[in-house]
Amino acid sequence: MLEKRGTPTHDFELAPRMTPETQSVVRPSPDLAYSICMFDLSQAPNGVQVTMAAYDGYSSLSFFDAQTNNFLTQRGDGEQHQVVLNADNAPSDKGVILIRRLAPSQAAYDTVVGVSSGDECRAL
């Protein structure tokens, strides 16, 4: 589904603010801003470097395998987080990385837009 939607591999894409018109998931939280990155370790033999930029509010960085099982989550706590994903710490070659940030208003979402420019998901 993500590939059909044009979600890039090894790059984060910030979803539009969640409203009834923009939701593609049955129950996304309208109070969260979501950034997503697909990874494919077969295309990144040295791994994928993932950076979640610091945010002054709730944020989390979650990793899901090819069957959407969560295998790692880090809470932001106002700090930047960096993870190198590779064959040693990922249960499958392909999967999804999700950043969630609390953004209950348009102003908060606009702040996320600026912050998210510091997010990174790139093949090494």
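As the structure is a computational prediction, the values presented were derived from the model and not from experiment.

The rules behind the values
- Residues numbered from 1 in each chain as written.
- Predicted model: local features only at pLDDT ≥ 70, side-chain atom pairs only at ≥ 80, totals over all residues.
- Heavy atoms only, no water.
- Helix = DSSP H or I, 4+ residues; strand = E, 2+ residues; numbered from the N terminus.
- Rg over C-alpha atoms; globule rule 2.2 N^0.38 Å.
- Buried < 20%, exposed > 50% of the residue type's maximum accessible area, 1.4 Å probe, protein only.
- Contact = heavy atoms within 4.5 Å.
- Disulfide = S-S within 2.5 Å.
- Pairing = 2+ DSSP bridges.

Asker: I would appreciate a short explanation of the overall build of the chain in the present structure.
Answerer: Per the secondary structure count, the chain includes two helices and eight strands. Helices and strands appear in the chain in the N-to-C order α-β-β-β-β-β-β-β-α-β. At 14 Å, the chain has a C-alpha radius of gyration in line with the 14 Å of a compact globule built from 124 residues. Expressed as lengths along the three principal axes of its C-alpha atoms, the size of the chain is roughly 40 × 30 × 20 Å. Residues classed as buried in the chain amount to 43% of the 124 residues present. Here the contacts in the chain between residues at least 6 apart in sequence split such that 72% fall between residues at least 24 apart.

Asker: Before we go on, may I ask you to explain the state of the cysteines in this structure?
Answerer: Between two cysteines, a covalent bond joining their sulfur atoms is known as a disulfide. Scanning all chains against the criterion turns up one disulfide. The residue that forms a disulfide with Cys 37 is Cys 121, at a sulfur-sulfur distance of 2.0 Å. Across the S-S bond of Cys 37 and Cys 121 the torsion is about -60 degrees, and the bridge reads as left-handed. In this pair, Cys 37 is assigned in strand β2 (residues 32–40) and Cys 121 in strand β8 (residues 120–123), connecting sequence segments 84 residues apart.

Asker: Help me understand the sheet that holds strand β5 (residues 70–75), please; the structure alone is not making it clear to me.
Answerer: The strands that make up a sheet pair up through hydrogen bonds in the backbone, lying either parallel or antiparallel. Pairing within the open sheet is antiparallel, and its five strands lie in the order β1-β2-β7-β4-β5. Of all the strands in the sheet, the pair left with one neighbour each is β1 (13–14) and β5. As paired elements, β1 and β2 share two bridges and run antiparallel to each other. Counted as the bridge partner of Leu 14 is Ser 35 from β2.

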